[in-house]
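Listed below are the residues making up each chain.
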Amino acid sequence: MTKVALSFCLLLSITLCHGQVDFKPGYIVDLSGDTIRGTIEYRGNLFMSNTCRLKTSNGAITSYSPSQLRGYGIDDSKYYVSHDVKADGVLNRVFLEVLVSGTVNILYFRGDTDRYYIEKDSLGIAELPYSETVIIKDGKQLVSQSTRHIGVLQYYMQDVPELRSEITRMRKLEVDPLVQLADRYNRLTMKADESVYLKPKAVASIYIDLVGGAVFPRMPEVITDETFMLGGQILLGMPRYNEKLFFRTGFIFTHLKVEGYTIKRKIPVAFEYMPMKRRVNLRASYGLNLYNVSSHTISISGGLNVKFNQNVSFNIMPEMEFTPEILLLPGKREFTNIHGGVLVRLK
C-alpha cells in the first residue's frame, strides 16, 4: 500500500475515534438507590455493557463499573441494570440492557456474541442459550439450530399455556419476536394499573445525498476526457448497531475509458460513519464501487458535513479508489475523486 494510502487510513482512524465521543441526557442509579442526572456517553453495545461514563453539569466526567451502580439510562433510548451473569462458566458483573420489563424481564448483553437473558422474581435469571452450527449432509451445507432456548422460555412462561405453541415455533432466537413474546406474556399476567416497560424502538434515519465532483485517474491505462461525476445516493441508518452508522448506495454517472472500454456509471456500496450532532461534523466511509459485474474498486473516503438546518447539510468528500487485493484490502491507487453535495434528511 502506498504512503498516501497509509496516511489516508490513519486520517480515517482519527476521524472515527474523534466522532465516537457523544453524550446524551440521562441518569445513573447509585448503590443506595439515588438518581443522579447528567449526560451519558453513548457508544456501541460492547462498551456500554461494561462501562458507564457520566458527565455532570460542571463538566466533570466519571467512569463507573457495573459493581458501582444499580443501573443507568439514556432518556427515551436505553436502560441498563447491573447484574451478575455467568458466561462460559465465569461469573461476571455487567450492565444488561433492559428490552422488556414486567412479570418477566428480557435482558441483553453484548460480549463476544449477542446474549439474551430472561428474569422472573420467582425463578431468578437464566440465559436463553442459542447457537447455530454448519453441518454437511449429503454433500450440502446445512445450518443446525439449537433449541435449548425454547425449553427455558416454556419453563418461565408455563403459567400462560396459550403461548406454548408460539414459543415452540421460535426456532431461531431473534430480538424482535422475543420482545413481542415477552410483552404479550407481561400484558396477560399483569394488572391494568401495573407498569410494563418496553424499550423504545429505534427509528432508522434516511438521507438522500446529491453529489457532483471531479475524477483524477492515477493509472496510465485509464483515460478520461470528461473528469466529472454526478449522481445520487441513499444512506440508511443502522440504529441497532450504532445511530451514527449508515449503509450507503446509489448511482453515479461518470465517463472513463479503460483499455478500450468505456465506463459510464458506478454503484457505491459502503458503510459510512456519520455523526450529525454538531454544526460541522466529520464523516468517513469504507466500501466498494461497482463498475460492472466483474470490476470494482475499494473506496476510502472522509470529509465534512456542514449543517444548514436540521434536515439539510452541505458536504465535501475526498475519495480514493484502489484495486482490490486480499479480501477487501486496498492495493494500488487508481483514482482520486473530490466531490461535494447536498445531504437531505427524509426521516
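Model, not experiment: these values are computed from the prediction. (Residues numbered from 1 in each chain as written. Predicted model: local features only at pLDDT ≥ 70, side-chain atom pairs only at ≥ 80, totals over all residues. Heavy atoms only, no water.)

J.: How should I be thinking about the overall build of the protein chain in this particular structure?
T.: What the protein chain contains, in helices and strands, is five helices and 22 strands. Across the 347 residues that make up the protein chain, the buried fraction comes to 41%. Counting contacts in the protein chain only where the partners sit at least 6 residues apart, residues at least 24 apart contribute 49% of the total. Split by element, the accessible area of the protein chain, about 19000 Å² in all, is 57% carbon and sulfur. (Helix = DSSP H or I, 4+ residues; strand = E, 2+ residues; numbered from the N terminus. Buried < 20%, exposed > 50% of the residue type's maximum accessible area, 1.4 Å probe, protein only. Contact = heavy atoms within 4.5 Å. Areas by Shrake-Rupley, 256 points an atom, 1.4 Å probe, with all protein chains shown as cover.)

J.: Hey, could you run me through the packing of aromatic side chains in this one?
T.: Each aromatic ring pair is described using two quantities: the centre-to-centre distance and the angle formed by the ring planes. Counted by the stated rule, this structure contains eight aromatic pairs. Summarising the aromatic geometry, the rings of Y72 and F95 are spaced 5.0 Å apart at their centres and angled 85° between planes, so their arrangement reads as edge-to-face. Separated by 23 residues along the polypeptide, Y72 in strand 5 (residues 69-74) and F95 in strand 7 (residues 90-101) bring together distant segments of the chain. A single burial state applies to Y72 and to F95, both of which are buried. Judged by centre distance (5.8 Å) and plane angle (65°), the ring pair of F247 and F271 falls under edge-to-face. (Phe/Tyr/Trp six-rings, centres within 6.5 Å; stacked < 30°, edge-to-face > 60°.)

J.: I'm lost on the pattern of salt bridges in this one. Help?
T.: For side chains of opposite charge, pairing can occur when their charged atoms come near one another. Evaluated as defined, the whole model comprises 15 salt bridges. When the shortest N-O distance is used, the salt bridge between R37 and D75 registers 2.5 Å. With R37 in strand 2 (residues 35-41) and D75 in the loop between strand 5 and strand 6 (78-87), this residue pair connects regions lying 38 residues apart in the sequence. By relative accessible area, which is 29% here, D75 ends up partly exposed. Note that R115 and E127 form a salt bridge whose closest N and O atoms lie 2.9 Å from each other. With R115 in strand 9 (residues 114-120) and E127 in strand 10 (residues 124-127), this residue pair connects regions lying twelve residues apart in the sequence. (Salt bridge = Lys/Arg side-chain N within 4 Å of Asp/Glu carboxyl O.)

J.: What am I meant to see in empty space enclosed by the protein here?
T.: On inspection of all chains with the given rule, the structure shows two cavities of 30 Å³ or more. Its boundaries defined by the atoms lining it, the largest cavity holds a volume of some 90 Å³. At the level of elements, strand 16 (228-238), strand 17 (242-258), strand 18 (261-273), strand 19 (280-290) and strand 21 (312-324) are the ones that each hand at least two residues to the lining of the largest cavity. Its residues placed into classes, the lining of the largest cavity shows four nonpolar, four polar and five charged. (1 Å grid on protein atoms, 1.4 Å probe; cavity = no way out; pocket = protein on both sides within 12 Å on 5 of 7 lines; lining within 4 Å. Points joined across faces, edges and corners; volume = space filled by probe spheres on them. Nonpolar A, V, L, I, M, F, W, Y, C, P; charged D, E, K, R; others polar.)

J.: Help me out: how do you make sense of the pairing of strand 2 in this one?
T.: On any regular strand, side chains alternate: one points to one face of the sheet, the next to the other face. Bridge analysis of strand 1 (residues 23-30) against strand 2 gives seven bridges, and the strand direction is antiparallel. From the neighbouring strand, P25 faces strand 2, where its bridge partner is T39. Hairpin connection of strand 1 to strand 2: four residues between the antiparallel strands, including G33 at a positive phi of 95°. Pairing analysis gives two bridges linking strand 2 to strand 3 (residues 52-55), with the strands arranged antiparallel. For T39, the partnering residue across the bridge sits in strand 3 and is K55. (Pairing = 2+ DSSP bridges.)

J.: Would you take a moment to explain the side chain of K266 for this structure?
T.: Secondary-structure assignment places K266 in strand 18. In terms of polar contacts, K266 uses its side chain to reach the side chain of E321, at 2.9 Å. With near-sequence residues (within four places) excluded, K266 lies in contact with M229, G250, F251, I252, N289, L290, Y291, E319, E321 and N337. (Polar contact = N/O pair within 3.5 Å; in protein donor to acceptor, adjacent residues only side chain to side chain.)

J.: What should I look at first to understand the pairing of strand 1 in this one?
T.: With six of its eight residues buried, strand 1 lies for the most part within the structure. Note that strand 1 and strand 5 share five bridges and pair antiparallel. Looking across to strand 5, one finds that D30 is bridged to L69.

J.: Before we go on, may I ask you to explain helix 5 (residues 175-189) in this structure?
T.: Every α-helix winds through 3.6 residues per turn, so residues three or four apart in the chain are directed the same way. For helix 5, which comprises 15 residues, the first-to-last C-alpha distance of 21 Å matches the rise-based estimate of 21 Å (1.5 Å per residue) to within 8%. Along helix 5, the residues that are buried comprise V175, L178, V179, L181, A182, D183, Y185 and N186. Buried-residue contacts for helix 5 involve strand 7, strand 8 (104-110), strand 9, helix 3 (148-156), helix 4 (164-168) and strand 13 (197-198). (Expected span 1.5 Å × (residues − 1).)

J.: Got a minute to help me understand a nonpolar patch on the surface in this structure?
T.: Together, F216, V280, L304, V306, F308, F314, I316 and I338 make up an exposed nonpolar region whose accessible area comes to about 710 Å². Elements supplying a minimum of two residues to the nonpolar patch: strand 20 (296-307) and strand 21. Mapping I338 onto the fold places it in strand 22 (residues 330-345). (Patch = residues over 30% accessible without salt bridge, like charges linked within 9 Å, V, L, I, M, F, W, Y side chains within 5 Å.)

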